[in-house]
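Coordinate analysis (summary)
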Amino acid sequence: MNELIQFDLSLIMPEIFVLSMAMVVLMTDLFIKPSSRWIIYSLSQLTLLGSTYLTGKDFAEETQFAFSNMFVRDGLADFLKMISYLGISLTFLYSRSYMKDRGLYRGEYFALVLFALLGMMIMISSHNMLLVYMGLELLSLCLYSITALDRDNQKATESAIKYFVLGALASGLLLYGMSMIYGATSSLDIGIISTTLFNHPTDHSILVLGLVFVLAGLAFKLGAVPFQMWVPDVYEGAPSSIAMLISSVPKLAAFAITIRLLADGLQSMIIDWKEMLLIMAVLSISIGNITAIAQKNIKRMYAYSTISHIGFILFGVMSGSLNGYASSLFYVASYMLMTLVSFAILMIMSNKNFECELIEDFKGLNKRSPWYAFLMLIVMLSMAGIPPTIGFYAKFMVLQAALEAGFVGFVIYAVMMVLVGMFYYLRIVKLMYFDEPKVKGKIEASLDVQWVLSLNALSLLIIGLVPYTFMEATTQAISLSLN
Amino acid sequence: MIEFKDFVFYALSFVLVASGLSVITSRNPVTAALSLVLAFFNAAGIWLLLQAEFLAIVLVLVYVGAVMVLFLFVVMMLDINLDKLREGFWDYLPMAGFIGLLMMVEMVLVFKTKEFNLSPVDDSLKSISNTEVIGNTLYSTYVLPFELASVVLLIAIVSAIALTLRDRKDSKKINSSDQINIKRQDRVRLVAMKSEEKYVKSKTKDRK
């Protein structure tokens, strides 16, 4: 019995470490002066370093279960967790001076983000619907309150309330769907659900009802059409640093639970969820790309671009093959790298008295700072999907998987929508290089931000040139966990 | 002929649904809160019928005893203008009602198939007390979600404090280290100036 518990605890070590460090951060904040908040910052970065070590130390070669099969540690989980650490670490770094300028550089911010990371790790590793829900709530509660952290900002508060109400509704839908699936299979365990459905293919009207609700909940968390209404409002209202957090790492966790629930638990119902995902994917790509053209606020534009990216991720999932899941995983990871740079440049261009929010603010960036203009160029090309950037390979792989699954017409449609999307990405490039700057003045950032940001943006290009290692890692992660 | 148990169930359910409706329709927020209390009592009654005594008692103790009392306090302290909250209710009603009705009809059609695969509770469990069974599973099978629930509560506390605690603008708080570190030149300014003629003259006048 004791050894069993020890084994369980050793598997969940990274989670325990993140949880305890979040509490250490919370307590340390009470005892230090506001001027020495760098201690909190370094502690948070150390946490991420430590958890990277703990996860990497025994990187899962095979699938291992703990806590009566609720918690799973496999290739997919460890891969996604590693990328999440990277994403959170970059978020902390990029948002540092932005948060300082706005008086939000507080211990609670770091603690809540670490708690959110814990929620994501639980979601990524959950093998039980109860745990999926717990992780999701852990993550969502943190995100709601971080959005409202800038209390005197009315827009931020409004968007936080909107996010909270709609998020609570979506959680309710997800939970209701789960209860239907529980009613039909009498188990919450994803593995047992999968085998029950495989062995007893019953008349499944209740299962389909549950599936619809589960998909609605998942689509909300991912931000797919027709559950996308919150995305632009929250991105616009929340401070840029928090919009960056919401748009980047949580998508990895949402992707993980989508894979676990659909590709693992409800595998036998693929005919049912394939069509539902198809509708959502096609709508997301069209509405995302077309509406983004009309936006004047760059954060809203990013939001609609996120929606279209989610559409592509769903394209990979609905192919229903290991190849499709792997390409979706590749897409979601590269999307995180892209969106982090895009928001980071937004934050570097803002300062204490100026909030870079409008697309016009990018006018003549090349004259103000050629290097940042170049980095932004890489991101925009990558988001648009122009070779040789990572975004091109991501789209290419996803569409290839969809093609193999036989969705020829829809793939052609998606490529056409990519062309539509190019308009608003390239418009930014045009503004940066061919227009006169509206605001003068240098753009300043601390040395570490400059270096890491450059590395991050160049990685989009470098991985785009040699994508094979990264591709192999994603394929391996998927094939290790789903077989 | 319906059994007595069925009769109790239907009575409790009827009051439950009626009080639930009254929660969302009553004009006075205090009435709404009290209706919710009634709804909780009826739900507890239904759980008692299902032989889940522990859950029933916890529902009454926690929700009725603690949560709703706090809620009532808040409702009484806040001055809520309900008419503003209800603005647009009738505008949205036709659309919302139509969609709600559609969903309900669909769900009823699905539930009529009776495909639920749940087996009745094991008879061997009936000899052990309810509380013991819950305690056993909560701390063995479900220990991880249980611990995570505690983290969720911690987050609720942290974010509630982070969102509401602020320094009072008129607070007379003293920072002692600032006081000790103060130097003379921060507080006293020595200014060289001539003595004023008028003042000297008027003084001499007074003496006369």
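Residues numbered from 1 in each chain as written. Chains lettered and ligands numbered in written order. Predicted model: local features only at pLDDT ≥ 70, side-chain atom pairs only at ≥ 80, totals over all residues. Heavy atoms only, no water.

1. A short note on the overall build of chain A
Defined as follows: Secondary structure counts use DSSP, requiring at least four H or I residues in a row for a helix and at least two E residues in a row for a strand, with both numbered from the N terminus. Only protein chains enter the accessibility calculation, which uses a 1.4 Å probe; a residue whose area is less than 20% of its type maximum is buried, one above 50% is exposed, and one in between is partly exposed. A 1.4 Å probe and the Shrake-Rupley method give the accessible areas. Residues count as covered only by the protein chains that appear here. A residue counts as positive if it is Lys or Arg and as negative if it is Asp or Glu; His and the chain ends are not included. Charge coordinates come from a single atom per side chain, which is NZ of Lys, CZ of Arg, CG of Asp or CD of Glu.
A tally of helices and strands in chain A yields 21 helices and two strands. Burial statistics for chain A: of 483 residues in total, 64% are counted as buried. As displayed, chain A offers around 17,500 Å² of accessible surface, 67% of which is attributable to carbon and sulfur atoms. Here chain A carries 29 positive and 32 negative side-chain charges, and the mean point of each set is 12 Å from the other.

2. With respect to the overall build of chain B
The line we're drawing: Every residue pair with non-hydrogen atoms within 4.5 Å of one another is taken to be in contact.
Secondary structure assignment for chain B yields 10 helices and zero strands. Along its sequence from the N terminus, chain B presents helices and strands in the succession α-α-α-α-α-α-α-α-α-α. Evaluated residue by residue, chain B yields a buried proportion of 17% over its 208 residues. Counting contacts in chain B only where the partners sit at least 6 residues apart, residues at least 24 apart contribute 62% of the total. A total accessible area of about 17,400 Å² is found for chain B, and carbon and sulfur atoms account for 66% of it.

3. Regarding the interface of chain A and chain B
The parts lose accessible area when they come together, and the size of an interface is often stated as this lost area. The condition is simple: Salt bridges, as used here, are contacts in which a Lys or Arg side-chain nitrogen is within 4 Å of a carboxyl oxygen on Asp or Glu. Counting of polar contacts relies on pairs of N or O atoms within 3.5 Å, with two restrictions inside protein: one atom must be capable of donating a hydrogen and the other of accepting it, and residues adjacent in sequence are counted only when both atoms are side-chain atoms.
Between chain A and chain B, the residue contacts involve 38 residues of the former and 27 residues of the latter. Scanning the region where chain A abuts chain B turns up zero salt bridges. Across the chain A-chain B interface, the total number found is three residue pairs in polar contact (both at pLDDT 80 or more). At the level of elements, α2 (13-31), α5 (107-125), α6 (129-147), α7 (154-185) and α9 (205-222) of chain A are the ones that each hand at least two residues to the side of chain A that touches chain B. Per-element accounting of the side of chain A that touches chain B gives the leading share, seven residues, to α6(A).

4. So, empty space enclosed by the protein
Residues and elements named next belong to chain A. Short version of the rule: Put simply, the grid is 1 Å and covers the protein atoms alone, a cavity is a trapped set of points that fit a 1.4 Å probe, a pocket is an open set with protein on both sides within 12 Å along at least five of seven lines, and lining residues have an atom within 4 Å of a point. Grid points are joined across faces, edges and corners, and a volume is the space filled by probe spheres set on the points.
According to the stated counting rule, one finds three cavities of 30 Å³ or more in the structure shown. By volume, the largest cavity is sized at about 130 Å³. As for the largest cavity, its lining consists of Leu136, Leu139, Ser140, Leu143, Tyr144, Tyr163, Lys221, Trp230, Ile246, Pro250, Lys251 and Ala254. For the lining of the largest cavity, the secondary structure elements donating two or more residues are α6 and α12 (249-265).

5. Points about unusual backbone geometry
Negative phi values dominate among residues other than glycine, just as trans dominates among peptide bonds. Residue and element names in this part refer to chain A. Across the junction of Val225 and Pro226, the peptide omega takes the value 5°, indicating a cis bond. In this structure, Pro226 sits in the loop between α9 and α10 (230-237). Here the phi dihedral of Asn69 falls at roughly 65°; this positive angle occurs in a residue that is not glycine. Assignment of secondary structure puts Asn69 in the loop between β1 (64-66) and β2 (71-73). We classify Asn69 as partly exposed; its relative accessible area is 40%. If you check the backbone angles, Ser186 has positive phi at about 50° while not being a glycine. Looking at the secondary structure, you find Ser186 in the loop between α7 and α8 (190-199). Taking the relative accessible area as the measure of exposure, Ser186 reaches 34% and is therefore partly exposed.

6. Describing the nonpolar core
Test applied: We call a set of buried residues a nonpolar core when its members are Ala, Val, Leu, Ile, Met, Phe, Trp, Tyr or Cys and they connect through side-chain atoms within 4.5 Å of each other.
Residues Tyr94(A), Trp273(A) and Phe362(A) are the most contacted members of the largest nonpolar core, which totals 201 residues. Considering every element that reaches this core, the biggest residue donor is helix α15 (residues 322-349) of chain A, with 20 residues. By size, the runner-up hydrophobic cluster in this structure holds nine residues, among which are Ala33(B), Ala44(B), Met68(B) and Leu72(B).

7. Quick word on the side chain of Lys395(A)
Residue and element names in this part refer to chain A. When you line up the elements, Lys395 lands in helix α18 (residues 390-404). For Lys395, which is buried and forms no salt bridge, the nearest opposite charge comes from Glu404, at a distance of 19 Å. Look past the residues within four positions of Lys395 in its chain and what remains in contact with it is His309, Phe312, Tyr331, Met383, Ala384, Gly385 and Val418.

8. Some words on the pattern of salt bridges
Residue and element names in this part refer to chain A. In this structure the tally under the stated criterion is 18 salt bridges over all chains. Among the salt bridges present, the one from Lys81 reaches Glu15, with a minimum N-O distance of 2.8 Å. Highlighted residues: Lys81 in helix α4 (residues 75-101) and Glu15 in helix α2, separated in sequence by 66 residues. One salt bridge in this structure joins Lys430 and Asp435, with 3.7 Å as the shortest N-O distance. The class of Lys430 is partly exposed, set by a relative accessible area of 41%.

9. Some points on helix α3 (residues 53-77) of chain B
The cut-off we apply is this: Each residue after the first adds 1.5 Å to the expected span of a helix. At every residue, the bend is computed as the angle between two fitted axes, covering the seven residues ending there and the seven beginning there respectively.
The end-to-end C-alpha distance of α3(B), which contains 25 residues, comes to 34 Å, matching closely the 36 Å that a straight helix rising 1.5 Å per residue would cover. At Met68(B), α3(B) shows its maximal bend, which comes to roughly 35°.

10. Some thoughts on the domain arrangement of chain B
Just so we agree on the cut-off: Segmentation into domains, and thus their bounds, comes from an automatic or database assignment.
The assigned domain composition of chain B is domain 1 (1-81) and domain 2 (137-168). Centre-to-centre separation of domain 1 of chain B and domain 2 of chain B, based on C-alpha positions: 25 Å.

11. Quick notes on the packing of α7(A) against α9(A)
Residue and element names in this part refer to chain A. Applied cut-off: Only C-alpha atoms enter the line fits that serve as axes; for helices the fit covers just the stretch in contact. Angles between N-to-C directions range over 0 to 180 degrees. In this scheme, roughly parallel covers angles under 35 degrees and roughly antiparallel covers those over 145, while 65 to 115 is roughly perpendicular and the rest are oblique. Throughout, a crossing is termed right-handed when the near helix is turned clockwise from the far one, and left-handed when it is turned anticlockwise from it by less than a right angle. Following the grouping adopted for this structure description, the nonpolar residues are Ala, Val, Leu, Ile, Met, Phe, Trp, Tyr, Cys and Pro, the charged ones are Asp, Glu, Lys and Arg, and the polar ones are all others, Gly among them.
In contact at an axis separation of 7 Å, α7 and α9 are set at 150° when each is read in the N-to-C sense. As summarised for this structure, α7 and α9 are arranged roughly antiparallel, according to the angle between their axes. As for the relative orientation of α7 and α9, their crossing is left-handed in sense. Its residues assigned to classes, the contact of α7 with α9 shows 17 nonpolar, six polar and one charged.

12. Side note on the environment of Glu137(A)
All names here are of chain A. Tracing the backbone shows Glu137 in helix α6. Residue Glu137 is classed as buried on the basis of its relative accessible area of 18%. The sequence separation of Glu137 and Tyr53 amounts to 84 residues, and the corresponding C-alpha distance is 26 Å.

13. Considering the packing of aromatic side chains
Residue and element names in this part refer to chain A. Here is the rule: Any pair of Phe, Tyr and Trp rings, taking the six-membered ring for Trp, is counted once the centres come within 6.5 Å. Such a pair is stacked with planes under 30 degrees apart, edge-to-face with planes over 60 apart, and tilted for the rest.
Under the defined criterion, the tally for this structure stands at 24 aromatic pairs over all chains. Arranged with centres 4.9 Å apart and planes meeting at 45°, the rings of Phe92 and Phe110 form a pair that is tilted. On the criterion of sequence distance, the pair formed by Phe92 in helix α4 and Phe110 in helix α5 is long-range, its members being 18 residues apart. Of the two residues, Phe92 and Phe110, both sit in the buried class.

14. Looking at helix α19 (residues 408-434) of chain A
An α-helical turn contains 3.6 residues, so any two residues separated by three or four positions project in the same direction. All names here are of chain A. Under the 1.5 Å per step criterion, the end-to-end length of α19 is 38 Å for 27 residues, consistent within 8% with the ideal 39 Å. The largest bend in α19 amounts to roughly 25° and is located at Met422. Looking at α19, one finds that the buried residues are Val411, Ala414, Met417, Val418, Gly421, Met422, Tyr424, Tyr425, Ile428, Val429, Leu431 and Met432. As for α19, its buried residues are in contact with α13 (270-293), α14 (298-318), α16 (365-368), α17 (370-384) and α18.

15. A few points about the packing of α7(A) against α10(A)
Helix-helix packing: each pair is described by the crossing angle between the helix axes and the interaxial distance. Residues and elements named next belong to chain A. Between α7 and α10, the least distance of the axes is 8 Å, while the angle of their chain directions is 150°. The angle between α7 and α10 falls in the class roughly antiparallel. Here α7 and α10 pass one another in a crossing that is left-handed. Across the interface between the two elements, Lys155, Ala156, Ser159, Lys162, Tyr163 and Leu166 of α7 pack against Trp230, Asp233, Val234, Glu236 and Gly237 of α10.

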